[in-house]
Amino acid sequence: MRHRFTRPAGRIALTYLVIALLWIAFSDQAAEALFSDPRLLNRVQTIKGGLFVLATGMLLYILMHRTLHRIEIVALEDSLTGLPNRLAFTRELTQRCHISEARDQRFTLTLMDIDQFTDLNDEQGHARGDELLRLVGRQLRHLLGKDWYIAHLGGDEFGLLSPAGLNTQETRERLDWLQHSVMRSSSHDLMLNHTLSAGSCEFPKDARTGQDMMRQADMALSRAKHQGRDRHSFYHEELKRTLLERLSLAKDLRDAIEQQAFTLVYQPQWSVSTSQWVGAEVLVRWHHAERGWVPPDQFIPLAEREGLIHRVTECVVEKALTELHRAGLGRKSLPSLSINLSHLTLLNDNTMTLLHHLIDQRTADLPAVMFEITETATMENLDRTLKAMRSWRERGIDFSIDDFGTGYSSLSRLKQLPLTELKIDRSFIMDLPGDQNDAVITQAILAMAKTLSLNVVAEGVETLEQSDFLQTHGCTIMQGYYYARPMPIQELSALLTESVDSPVR
Ligand code: C2E
Ligand code: CA
Ligand code: CA
């Protein structure tokens, strides 16, 4: 196969060959014409030969120098942004550590990462993603100037090294300002629609080697992300402890998934208009050998971060269907079963196909399945979520929007979503009927649901007054401690059987 360098290399060699041959032919002729004395001619020939070797040696030197320089540029420069790449950054960082150690100087390493960059790539294509990376690189250069070492480490991550002379306070202030301003200081829509998170650590306070510095800055960056993004966070010892704890909990969670060590409880939903249990929400419980019961509010976000949420959901669906089947709870006694679905799972085709298959296989007489997805989650990734929901809706999967009222979704947005049900968040129910604001919001939500022909479930109903207020304004399905707490399957089964004989409340 012809290599793409064959042509240019051949051209250089050919040029050299022609020039050399012409030189030999004409310089010999010229020397012979000028010098007739054979001894003198011999001398001139030797000098001429020497000059030729010198000239070709220099030419070789220039060519090699240029080529090696190019290779170095290619190896150390990021072609997209023109900034140094990860390899260059790592080298510079190691060198900085050595120099700073010897000179007793300090410096700060910062890692920056564009929030929700994958969404941009997925929704608007890689060209837009690349454009944003170039803009960020340019803006960082512009805002920080030549004293800072700025690199594009790959993906959406940038690395910064502060200049040696800057003191701790100044550096911190500069970096806080930078994290806040990079995106906001540009008028480009791509920049204005995105935010950055940053994590920093200091030499020698937090670490003394390049590898450790990268690790600590990465921990600080994760913290900034977990605290809600668009933040700058500094490494500190406490962080390491929290992270280690999280890692150990994540490991235990993996084991729990492996052993299917979750327990399920079901919280039934009561219809005040028909005086019947009309459904139940399944809620997962995890009993940890040392920590006792770990609340789902803690381990579900962990499972999402660790990429384990799909397996948790698979466990929940499979177990719930098996338990209902064993308890002989059919559609008659329990018309519908609500299952919480993380938006990450909704967007994962493989898991959704598996869940669909699990549900489809057992439809015989089991309750109809409704997936609950939080309002905030539907807004995370607008287009993809909408597409996924529509496609699953076409395949017969029903969706309920959970924690409604907390996510600021507009009426037009809601209209687009293929929903069957809406669940008013507990925070609005809590202070009913006394709190005027909550009363107005709840009424507005109910009116809106009516316009959109959606069923409404009120969550966290704890008193008769709350229930009465909700019923007066058109909400008829109640879920909350006033009616029933989440309970194991045997209790649910007993409750449902008992209510057929003698209706509750
Ligand atoms: P959620 O979906 O909003 O579930 C309702 C939560 O409110 C449950 O807490 C339930 O026990 C609690 N609750 C129900 N009625 C009342 C009440 O009258 N008063 C009060 N104070 N609380 C009430 P739980 O079981 O701790 O679940 C917390 C969250 O964890 C759930 O919120 C849900 O977002 C998540 N979760 C639970 N199970 C799963 C699951 O299998 N998959 C996923 N992805 N998330 C789950
Ligand atoms: Ca829920
Ligand atoms: Ca909820």
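Since the model is a prediction, treat every value here as computed from it, not as a measurement.

What counts, and where the lines are drawn
- Residues numbered from 1 in each chain as written.
- Chains lettered and ligands numbered in written order.
- Predicted model: local features only at pLDDT ≥ 70, side-chain atom pairs only at ≥ 80, totals over all residues.
- Heavy atoms only, no water.
- Helix = DSSP H or I, 4+ residues; strand = E, 2+ residues; numbered from the N terminus.
- Buried < 20%, exposed > 50% of the residue type's maximum accessible area, 1.4 Å probe, protein only.
- Contact = heavy atoms within 4.5 Å.
- Areas by Shrake-Rupley, 256 points an atom, 1.4 Å probe, with all protein chains shown as cover.
- Lys, Arg positive; Asp, Glu negative; His and termini not counted.
- Charge placed at Lys NZ, Arg CZ, Asp CG, Glu CD.
- Pairing = 2+ DSSP bridges.
- Axes fitted to C-alpha atoms, helices over the stretch in contact; angles between N-to-C directions.
- Polar contact = N/O pair within 3.5 Å; in protein donor to acceptor, adjacent residues only side chain to side chain.
- Donors = N, O, S within 2.8 Å, 3.2 Å for Na, K, Ca; no water.
- Parallel < 35°, antiparallel > 145°, perpendicular 65-115°, else oblique.
- Left-handed = near helix turned anticlockwise from the far one by under 90°.
- Domains from an automatic or database assignment.
- Arc of directions from axis to C-beta.
- Near = heavy atom within 4 Å.
- Patch = residues over 30% accessible without salt bridge, like charges linked within 9 Å, V, L, I, M, F, W, Y side chains within 5 Å.
- Salt bridge = Lys/Arg side-chain N within 4 Å of Asp/Glu carboxyl O.

1. Here's the deal with the overall build of the chain
- When helices and strands are tallied, the chain shows 20 helices and 14 strands.
- Projecting the C-alpha coordinates of the chain onto the three principal axes gives extents of approximately 135 × 55 × 45 Å.
- Sorting the 505 residues of the chain into buried and exposed places 44% on the buried side.
- Contacts spanning at least 24 positions in sequence make up 68% of the contacts within the chain whose residues lie at least 6 apart.
- Surface accessibility of the chain: about 27300 Å² in total, with carbon and sulfur atoms responsible for 54%.
- Placing the 55 positive and 65 negative side-chain charges of the chain at their respective mean positions leaves the two points 9 Å apart.

2. With respect to the sheet that holds strand 5 (residues 232-234)
- Spatially, five strands are ordered 2-3-1-4-5 in an open sheet, and the strand pairing comes out mixed. Of all strands in the sheet, those bounded by a partner on one side alone are strand 2 (149-154) and strand 5. For this sheet the average axis-to-axis angle between neighbouring strands, irrespective of direction, equals 20 degrees.
- Pairing between strand 1 (residues 107-114) and strand 3 (residues 157-161): five bridges, direction antiparallel. Bridged to Thr110 within strand 3 is Leu160.
- The strands that helix 3 (residues 86-103) touches are strand 1, strand 2, strand 3 and strand 4 (196-203); relative to strand 2, the one it contacts most, it runs at about 135 degrees.

3. Comments concerning the side chain of Gln479
- With respect to the helices and strands, the residue Gln479 is situated in strand 14 (residues 477-479).
- A polar side-chain atom of Gln479 sits 2.7 Å from a polar atom in the side chain of Gln267.
- At a separation of 2.8 Å, a polar atom in the side chain of Gln479 contacts the side chain of Glu281.
- When sequence neighbours within four positions are dropped, the list of residues in contact with Gln479 reads Gln267, Pro268, Gln269, Glu281, Lys423, Val457, Ala458, Glu459, Gly460 and Val461.

4. Structural notes on the coordination of the calcium ion (ligand 3)
- For the calcium ion (ligand 3), every protein donor is listed as Asp402 (OD), Asp403 (OD), Glu459 (OE) and Glu459 (OE), and the spread of their distances is 2.1 to 2.5 Å.
- Here the donor residues of the calcium ion (ligand 3) are spaced in sequence according to D-D-x55-E.
- Separating the calcium ion (ligand 3) and the calcium ion (ligand 2) is a distance of 4.0 Å, and Asp402 donates to both of them.
- The class for Asp403 is partly exposed, based on a relative accessible area of 24%.

5. Structural notes on the packing of helix 1 (residues 6-34) against helix 2 (residues 38-76)
- Here helix 1 crosses helix 2 at 160 degrees, and the two axes come no closer than 11 Å. Viewed along their axes, helix 1 and helix 2 adopt a mutual orientation that is roughly antiparallel. Note that helix 1 runs across helix 2; the crossing there is right-handed. Along its contact with helix 1, which presents Ile12, Tyr16, Ala20, Trp23, Ser27, Asp28, Ala31 and Glu32, the element helix 2 presents Leu41, Val44, Gln45, Lys48, Phe52, Thr56, Leu59 and Leu63.

6. Topic: the domain arrangement of the chain
- Partitioning the chain into domains gives domain 1 (2-76), domain 2 (86-235) and domain 3 (261-500).
- Computed from C-alpha coordinates alone, the two centres of domain 1 and domain 2 are separated by 49 Å.

7. A few points about the coordination of the calcium ion (ligand 2)
- Coordination sphere of the calcium ion (ligand 2), protein contribution only: Glu281 (OE), Asn340 (OD1), Glu372 (OE) and Asp402 (OD), at 2.1 to 2.3 Å.
- Expressed as a motif, the donor residue spacing for the calcium ion (ligand 2) is E-x58-N-x31-E-x29-D.
- With a relative accessible area of 4%, Glu281 lands in the buried category.
- Taking the relative accessible area as the measure of exposure, Asn340 reaches 31% and is therefore partly exposed.

8. Some details on helix 10 (residues 296-305)
- Among the residues making up helix 10, those that are buried are Phe299, Leu302 and Ala303. Take helix 10 and look down its axis: the buried residues cluster within an arc of 100 degrees, on one side only.
- In this fold, the buried residues of helix 10 make contact with helix 9 (237-258), strand 6 (262-271), strand 7 (276-288), strand 8 (292-294) and helix 11 (309-326).
- Trailing helix 10 by a residue or two, Gly307 shows a phi angle of about 70 degrees, which is positive.

9. Observations regarding the environment of Phe371
- Tracing the sequence through the fold places Phe371 in strand 10 (residues 368-374).
- Sequence-wise, Phe371 and Gly480 are 109 residues apart; in three dimensions their C-alpha atoms are separated by 19 Å.
- Every residue in contact with Phe371, bar those within four places of it in the chain, is listed here: Ile339, Leu341, Leu355, Ile359, Ile397, Asp398, Phe399 and Ser400.

10. Details of the site of ligand 1
- Close contacts around ligand 1 come from 21 residues, with Gln267, Arg285, Arg426, Glu462 and Tyr481 the closest.
- In this structure, Glu462 approaches ligand 1 through a side-chain N or O atom, which is 2.4 Å from a nitrogen atom.
- At 2.8 Å, a backbone N or O of Tyr481 approaches an oxygen atom of ligand 1.
- In isolation ligand 1 has 800 Å² of accessible area, and contact with the protein removes 84% of it.
- Looking at the shell around ligand 1, the elements that each hand over two or more residues are strand 7, helix 10 and strand 11 (398-404).

11. A short note on a nonpolar patch on the surface
- On the surface, Ile12, Leu14, Tyr16, Leu17, Val18, Leu21, Leu22, Trp23, Ile24, Phe26, Leu59 and Leu63 cluster together into a nonpolar patch covering about 1100 Å² of accessible area.
- At 10 residues, helix 1 tops the list of elements feeding residues into the nonpolar patch.
- Within the fold, Ile12 resides in helix 1.
- Note on Ile12: relative accessible area 45%, which makes it partly exposed.

12. Description of unusual backbone geometry
- Residue Phe203 is joined to Pro204 through a cis peptide bond whose omega torsion reads 0 degrees.
- Take Pro204: it is sitting in the loop between strand 4 and helix 8 (210-226).
- In the Ramachandran plot, Asp104 falls in the positive-phi region, its phi being about 60 degrees despite a non-glycine side chain.
- Here Asp104 shows up in the loop between helix 3 and strand 1.

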